Amino acid sequence: MNLDKLQEWLVSTGNDVAYISDPLSIAYFTGYSMEPHERIFSLVALKDAPAFVFVPALNVEEAKASDWNGDVVGYLDSEDPWAIIGDEIRKRTTKHKNWAIEKINLPVAHFQNLRSNFPDGSFTNDVSGFIERIRLYKTPEEIEKLKGAGREADCAFQIGFDAIRTGATERSIAGQIDYQLKIQHGVMHESFETIVQAGKNAANPHLGPTMNTVQPNQLVLFDLGTMHDGYASDASRTVAYGEPSAKQREIYEVDREAQQAAIDAVKPGITAGELDAVARDIIKRAGYGEYFIHRLGHGIGMNVHEFPSIVGGNDLVIEEGMCFSIEPGIYIPGFAGVRIEDCGVVTKDGFETFTHTDKDLKILPLKD
Ligand code: MN
Ligand code: MN
């Protein structure tokens, strides 16, 4: 179980307490997940005593009924949560000097409250890097969930392609996707706001969706994903609405070749930086290097963006079980944008994608 790895880490690093405050990290270690908003939600792991999950009183029953079998400690809105955490730790152990905190996800105000309850404590150590490293390698169960999210993304593309017509706003097409995912496929929520971009809007990779309307002979870019059993999908497709021009076709084919070459190059032993270069060199050679304005990809799991980062200069060696996106793009301001994105898992000799929507340039017939 993942929590055992955290306990082993505490022992091997000489830390007494790990204070885990990112809800996704808590879910990873305990199987219990929730959104605490401004209230306090944490996992307190101790080197020589049982861990406990700390939640608002209104979440206690839900936490006990979850996959988490350990202790649950609650606090009322009228109580001081920090004093209760302090008392609970002292009840369990006398060893609480060396703390490891999640520096990437602990508000300064929370940090100061912890420290004032443990004035002799040392709060210099960071557990974030350890969590990032163990989350790099996905288990078969996690990979099944990622594949489930990928299947939903494939359904979402089909809904989006069917919704394109002359005069439809990007926002209405995105709305159709989100609505149909919920009513047809039981998707609870997207992993990020569904992106639909027509024509020149697609040259801004993270814009929209806006009230811009689809017009004949534009490229339309979709970037979307769902959450499935706590795991995310993230995928992009670009289609032509009506007959594409030679230039539109060219940037599509260059991007597609770059994406396929990078997918084909994935295998254990290659570095993240080398993978980025495989796609980037193809786009550069075709004369569009200046229009590929982001890294090749990012890790995916419980978070839509996590480690590893597939970026130039990253010497991280790719290994079996890592999951990430391959998503080269070409963005020409004032003209059009293309991005083709699949996430997948590194296998013993290649890369298995989670999404399968066809990548031959799709030419949709005009619709009124
Ligand atoms: Mn992505
Ligand atoms: Mn994406």
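Residues numbered from 1 in each chain as written. Chains lettered and ligands numbered in written order. Predicted model: local features only at pLDDT ≥ 70, side-chain atom pairs only at ≥ 80, totals over all residues. Heavy atoms only, no water.

Attention shifts here to the packing of aromatic side chains. Counted by the stated rule, this structure contains 12 aromatic pairs. Where tyrosine 32 meets phenylalanine 41, the ring centres are 5.7 Å apart and the plane angle is 80 degrees; that geometry is what we call edge-to-face. Exposure class is identical for tyrosine 32 and phenylalanine 41. Each is buried. Taking the centre distance of 6.0 Å and the plane angle of 85 degrees together, the rings of phenylalanine 111 and phenylalanine 123 count as edge-to-face. A residue pair is termed long-range when its members are at least 10 positions apart, and phenylalanine 111 in helix 5 (residues 108-117) and phenylalanine 123 in strand 6 (residues 122-126) qualify at 12 residues. (Phe/Tyr/Trp six-rings, centres within 6.5 Å; stacked < 30°, edge-to-face > 60°. Buried < 20%, exposed > 50% of the residue type's maximum accessible area, 1.4 Å probe, protein only. Helix = DSSP H or I, 4+ residues; strand = E, 2+ residues; numbered from the N terminus.)

Structurally, isoleucine 84 can be placed in helix 4 (residues 81-92). Residue class for isoleucine 84 comes out buried when judged on its relative accessible area of 19%. Considered as a pair, isoleucine 84 and phenylalanine 54 are 30 residues apart in the sequence and their alpha carbons are 9.3 Å apart. With sequence-adjacent residues up to four places away left out, isoleucine 84 is seen in contact with Phe54, Val73, Gly74, Tyr75 and Glu79. (Contact = heavy atoms within 4.5 Å.)

Before going further, it helps to examine the sheet that holds strand 3 (residues 49-56). What the 6 strands build is an open sheet, ordered 4-3-2-1-5-6; its pairing is mixed. Both outer strands of the open sheet, strand 4 (71-75) and strand 6, are each paired with one neighbouring strand and no more. Taking the axes of each pair of neighbouring strands and ignoring which way they run, one obtains an average angle of 25 degrees across the sheet. Judged from the 4 bridges that link them, strand 1 (residues 17-20) and strand 2 (residues 42-46) form a sheet pairing that is antiparallel. Bridging from a neighbouring strand, alanine 18 pairs with alanine 45 of strand 2. Lying over the sheet, helix 1 (residues 2-13) contacts strand 1, strand 2, strand 3, strand 5 (98-101) and strand 6, oriented at roughly 50 degrees with respect to strand 2. Packed on one face of the sheet, helix 5 meets strand 1, strand 5 and strand 6 and runs near 135 degrees to strand 6. (Pairing = 2+ DSSP bridges. Axes fitted to C-alpha atoms, helices over the stretch in contact; angles between N-to-C directions.)

This part covers the side chain of glutamate 170. Position of glutamate 170 among the secondary structure elements: in helix 8 (residues 170-185). Here glutamate 170 is buried and forms no salt bridge, its nearest opposite-charge partner arginine 171 lying at an N-O distance of 7.2 Å. One polar contact links glutamate 170 to asparagine 212, side chain to side chain, over a distance of 2.7 Å. Discounting chain neighbours no more than four positions away, the residues touching glutamate 170 are Val196, Gln197, Ala198, Asn201, Pro209, Thr210 and Asn212. (Lys, Arg positive; Asp, Glu negative; His and termini not counted. Salt bridge = Lys/Arg side-chain N within 4 Å of Asp/Glu carboxyl O. Polar contact = N/O pair within 3.5 Å; in protein donor to acceptor, adjacent residues only side chain to side chain.)

Take the coordination of the manganese ion (ligand 2) next. Only Asp223 (OD), Asp223 (OD), Asp234 (OD) and Glu341 (OE) from the protein coordinate the manganese ion (ligand 2), and they sit 2.1 to 2.4 Å from it. The motif formed by the donor residues of the manganese ion (ligand 2), counted along the single chain, is D-x10-D-x106-E. Between the manganese ion (ligand 2) and the manganese ion (ligand 1) the interatomic distance amounts to 3.2 Å, and aspartate 234 serves as a bridging ligand to the pair. Of this pair, aspartate 223 sits in strand 8 (residues 218-224) while glutamate 341 sits in the loop between strand 16 (336-339) and strand 17 (342-346), and the two are 118 residues apart along the sequence. The same class applies to aspartate 223 and to glutamate 341, which are both buried. (Donors = N, O, S within 2.8 Å, 3.2 Å for Na, K, Ca; no water.)

Moving on, we come to the nonpolar core. Of all hydrophobic cores here, the largest spans 39 residues; its most connected members are Leu6, Ile20, Phe29 and Leu43. Residues from two domains meet in this core; each of domain 1 (2-135) and domain 2 (137-364) gives at least three. Every residue in contact with phenylalanine 29, bar those within four places of it in the chain, is listed here: Met1, Asn2, Leu3, Leu6, Ile20, Leu43, Phe130, Ile131 and Ile134. Judged by nonpolar contacts, the second largest core, of 33 residues, contains Leu136, Ile251, Val266 and Ala272. (Core = buried A, V, L, I, M, F, W, Y, C linked by side-chain atoms within 4.5 Å. Domains from an automatic or database assignment.)

All quantities given are derived from atomic positions and should not be read as evidence of function.
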